[in-house]
Amino acid sequence: QVQLVESGGGSVQTGGSLRLSCAASGRTDIVSTLALTWFRQPPGKEREQVAAIKWTGDYTYLADSVKGRFAISRDSAKNTVYLQMNNLEPEDTAVYYCAAGKSPYGRLFVPYDYWGQGTQVTVSS
């Protein structure tokens, strides 16, 4: 089993930046076979997929709502995926979740079997 733990959330002012981290543990030997993604869920709203990346692939997905402001990346040596968030807006306030799923054919969008517990991001005006 793979465990995912998010960190790096907090409170920032509008226009500020945060970098979220998602550290994998447990069966870290299979991390390189996974597609990884970030979801967010604002209070009282639907969950939204904001970014995804194949661990060893070239393709990166960003939702239109965050494109140009956010970036997803990974550090294979640390078994960690990052979400760099710049120019934050109050609308970005949400609980952010890291998730991952097996990607045997290199697909980016797959069933996500592993989920973190989430980290709170709050952006104030």
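Above this text is the structure in question.
Residues numbered from 1 in each chain as written. Predicted model: local features only at pLDDT ≥ 70, side-chain atom pairs only at ≥ 80, totals over all residues. Heavy atoms only, no water.

K.L.:
When you look at the pattern of salt bridges in this model, what are you seeing that I'm missing?
P.N.:
This model, assessed by the stated rule, comprises three salt bridges. Residue R40 is joined to E48 by a salt bridge in which the shortest nitrogen-to-oxygen separation is 3.0 Å. On the basis of relative accessible area, R40 is assigned to the buried category, the value being 4%. Among the residues examined, E48 registers a relative accessible area of 26% and is labelled partly exposed. For R40, the salt bridge goes to D92, with nearest N and O atoms at 2.8 Å. Residue R40 is located in strand 4 (residues 34-41), and its partner D92 is located in the loop between strand 8 (80-85) and strand 9 (94-102); the two are separated by 52 residues in the primary sequence. The residues R40 and D92 share a single accessibility class, namely buried. Where salt bridges share partners, they join R40, E48, R69 and D92 into one cluster. (Salt bridge = Lys/Arg side-chain N within 4 Å of Asp/Glu carboxyl O. Buried < 20%, exposed > 50% of the residue type's maximum accessible area, 1.4 Å probe, protein only. Helix = DSSP H or I, 4+ residues; strand = E, 2+ residues; numbered from the N terminus.)

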